[in-house]
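Chain residues, written in single-letter form:
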Amino acid sequence: MEPQPRGGGKRVRMNIREEFLPFSRPSIGDREVVEVTACLRSGWITTGQKCLDLETRFRERTGARCAVSLTSATAGMHLLLLALGIGPGDEVITPSLTFASTVNQIVLAGAVPVFVDVNYDTLNLKVSEVEGAITPRTKAVIPVHFAGAPADMAPLLDVARRKGVAVIEDAAHAIGTVCRGTHAGGFGCPAIFSFHPIKNITTGEGGMVTLDDETLERKIRLLRFHGIERDAWKRYGKGGDPSYDIREPGFKYNLTDIQAALGVVQMDRVEEFNARRRLLAGLYRDGLSGIDGLDLPGVPAYPHEHPWHLFVVKVSALPRERFMEGLAERNIGYGLHFPAVHRLAFVRERFGDASSRLPETERAADRILSLPLFPDMTEGDIAYVCEAVREILGR
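Fair warning: this is a prediction, and the values are worked out from it, not measured in the lab. (Residues numbered from 1 in each chain as written. Predicted model: local features only at pLDDT ≥ 70, side-chain atom pairs only at ≥ 80, totals over all residues. Heavy atoms only, no water.)

Draft legend 1. How the structure looks around the packing of aromatic side chains. With the rule as written, the count across this model stands at seven aromatic pairs. Centre to centre, the rings of Phe-58 and Phe-195 are 5.4 Å apart; their planes meet at 50 degrees, and the pair counts as tilted. Of the two residues, Phe-58 sits in helix H2 (residues 49-62) while Phe-195 sits in the loop between strand E9 (191-194) and strand E10 (207-211), which places them 137 residues apart along the sequence. On the numbers, 6.0 Å between centres and 85 degrees between planes, the contact of Phe-146 with Phe-338 is edge-to-face. On the criterion of sequence distance, the pair formed by Phe-146 in the loop between strand E4 (138-141) and helix H6 (153-163) and Phe-338 in the loop between helix H11 (320-329) and helix H12 (345-351) is long-range, its members being 192 residues apart. Residue Phe-146 is classed as buried on the basis of its relative accessible area, which comes to 1%. Judged by its relative accessible area of 10%, Phe-338 falls in the buried class. Linked through ring pairs, Phe-58, Phe-193 and Phe-195 together constitute an aromatic cluster. (Phe/Tyr/Trp six-rings, centres within 6.5 Å; stacked < 30°, edge-to-face > 60°. Helix = DSSP H or I, 4+ residues; strand = E, 2+ residues; numbered from the N terminus. Buried < 20%, exposed > 50% of the residue type's maximum accessible area, 1.4 Å probe, protein only.)

Right, dumping it as structure tokens:
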């Protein structure tokens, strides 16, 4: 793929594609269209049987006893923190390389985010540093299965049990993630999945909480729909009782059947999607190997299955802004996952500068960039991106 010199030893610039290659694009087929259309024509489009079907698929895939569909993963984080009683004066441990939504919810609950460093290669939480970060005020730890690579859950859960601290899996990237034989969401602690359009399956927007605690599940179901014990399906279906009572006020976080109809089909195709992502990630690893100033994604050393939600490289050969400009000039999209949360203005102003405690996060933060990766990409698309990367860094 290296541009070949012509007369005078000058490199030949690659041919620029005319069509923009997006960073991500959902894979929507005819069956998804048929099922969503059928839902629209059924006359029942809010929370109902399709949402129950999607929850069933998540229980079956993860092994969790309970699953609750929601409008977003952020809604799941909000409700879990609330249901676990996390509030003012409490501390929650999280990596800084995560979506800002997590820290937003911690802060909005009145709690304090405590940042623990990541491993530079996988960008997953350094489990070895969690125990030292736990104080009498710590109420929860939130590991992230970054880009689909599983965090090492066994030692983390051991520390949490010994210290009496809750664990909430951030499984937003992890549909298809398996660690030592257990699917994300199946470790006995609450887990939160996302169905945003860039994720491995989508419902447009949406999320799911899986858990094994039926008491906690009932509380989340109440909180997701105003505190009403019976949703519309039970109140307005045949023989339903439209009356209700509220013992605790709640929110409006229920997924619709229109979205769930899309999600059910997507779940039926998730193995197809993830197999394609693995193949494409392998092509990237082959095509980008051996480039000076470019670090490829690391993978955990322990047994795991990786669904490759993202392909995150680290660029050190030149400033990231210049690398992004080079991709844009060649009609290639990209993403940034994620701007380090400890650097956000409101976090620094409220909680101080944590950079000295996070050397690996700091090392990665200015280098990370997500290359295009989605199931409908072709092998030619991957080859084009690899050629572009080699040309940009080679210059």
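Once you've had a look at it, read on.
Draft legend 2. The packing of helix H1 (residues 30-42) against helix H9 (residues 257-268), seen in detail. Direction vectors running N to C along H1 and H9 enclose 150 degrees, while the axes themselves pass 9 Å from each other. Classed by the angle they form, the pair H1 and H9 counts as roughly antiparallel. As for how H1 packs across H9, the hand of that crossing is right-handed. Only Asp-257, Ile-258, Ala-261, Leu-262, Val-265, Gln-266 and Asp-268 of H9 make contact with H1, whose side of the interface consists of Arg-31, Glu-32, Glu-35, Val-36, Cys-39 and Leu-40. For the contact of H1 with H9, a count of residues per class yields seven nonpolar, one polar and five charged. (Axes fitted to C-alpha atoms, helices over the stretch in contact; angles between N-to-C directions. Parallel < 35°, antiparallel > 145°, perpendicular 65-115°, else oblique. Left-handed = near helix turned anticlockwise from the far one by under 90°. Contact = heavy atoms within 4.5 Å. Nonpolar A, V, L, I, M, F, W, Y, C, P; charged D, E, K, R; others polar.)

Draft legend 3. Region of the structure containing the sheet that holds strand E8 (residues 182-183). Here we have three strands laid out as an open sheet, ordered E8-E7-E12, and antiparallel in their pairing. Each edge of the sheet is formed by a strand with only one pairing partner; in this case those strands are E8 and strand E12 (304-305). Direction of pairing for strand E7 (residues 178-179) relative to E12: antiparallel, over a ladder of two bridges. Bridge assignment links Cys-179 to a residue of E12, and that residue is His-304. (Pairing = 2+ DSSP bridges.)

Draft legend 4. Region of the structure containing the confidence of the model for the protein. When pLDDT is averaged along the protein, the result is 94, and 94% of the positions lie at 70 or above. Throughout residues 1-9 the model reports pLDDT below 50, and contacts reaching past four residues in sequence, or to other chains, amount to 16 contacts. (pLDDT = per-residue confidence, 0-100.)

Draft legend 5. Representation of the pattern of salt bridges in the model. One pass over the full model with this rule turns up 25 salt bridges. Across the salt bridge formed by Glu-35 and Lys-50, the nearest N and O atoms sit 3.5 Å from each other. Taken together, the positions of Glu-35 in helix H1 and Lys-50 in helix H2 put the pair 15 residues apart, joining distant regions of the chain. For Lys-50, a relative accessible area of 26% puts it in the partly exposed group. (Salt bridge = Lys/Arg side-chain N within 4 Å of Asp/Glu carboxyl O.)

Draft legend 6. View of the side chain of Asn-200. Mapped onto the elements of the fold, Asn-200 is located in the loop between E9 and E10. Asn-200 gets classed as buried once you look at its relative accessible area, which sits at 4%. Side-chain polar atoms of Asn-200 contact the backbone oxygen of Pro-307, separated by 3.2 Å. Here His-309 takes part through its side chain, which lies 3.2 Å from a polar atom of the side chain of Asn-200. Look past the residues within four positions of Asn-200 in its chain and what remains in contact with it is Ile-175, Phe-273, Asn-274, Arg-277, Pro-307, Trp-308 and His-309. (Polar contact = N/O pair within 3.5 Å; in protein donor to acceptor, adjacent residues only side chain to side chain.)

Draft legend 7. Layout of the sheet that holds strand E6 (residues 169-170). The four strands lie next to each other as E1-E10-E9-E6, forming an open sheet whose pairing is mixed. Two strands lie at the open edges of the sheet, namely strand E1 (66-70) and E6, each paired on one side alone. Both E9 and E10 contribute to a ladder of four bridges, which runs antiparallel. Across the sheet, the residue bridging to Ala-191 is Thr-210, located in E10.

Draft legend 8. Just the pairing of strand E2 (residues 91-95), in detail. Taken across its five residues, E2 has five buried, putting it largely inside the fold. Burial along E2 is two-sided: the face carrying Glu-91, Ile-93 and Pro-95 and the face carrying Val-92 and Thr-94 are both buried. Pairing of E2 with strand E3 (residues 112-116) involves five bridges; the strand directions are parallel. Residue pairing across strands places Val-92 opposite Pro-113, the latter belonging to E3. With helix H4 (residues 100-108) bridging E2 and its parallel neighbour E3, the resulting β-α-β unit is right-handed. Note: E2 against E4, three bridges, orientation parallel. Paired with Ile-93 across the two strands is Val-141, which belongs to E4. (Right-handed = clockwise from strand over helix to strand, strands pointing away.)

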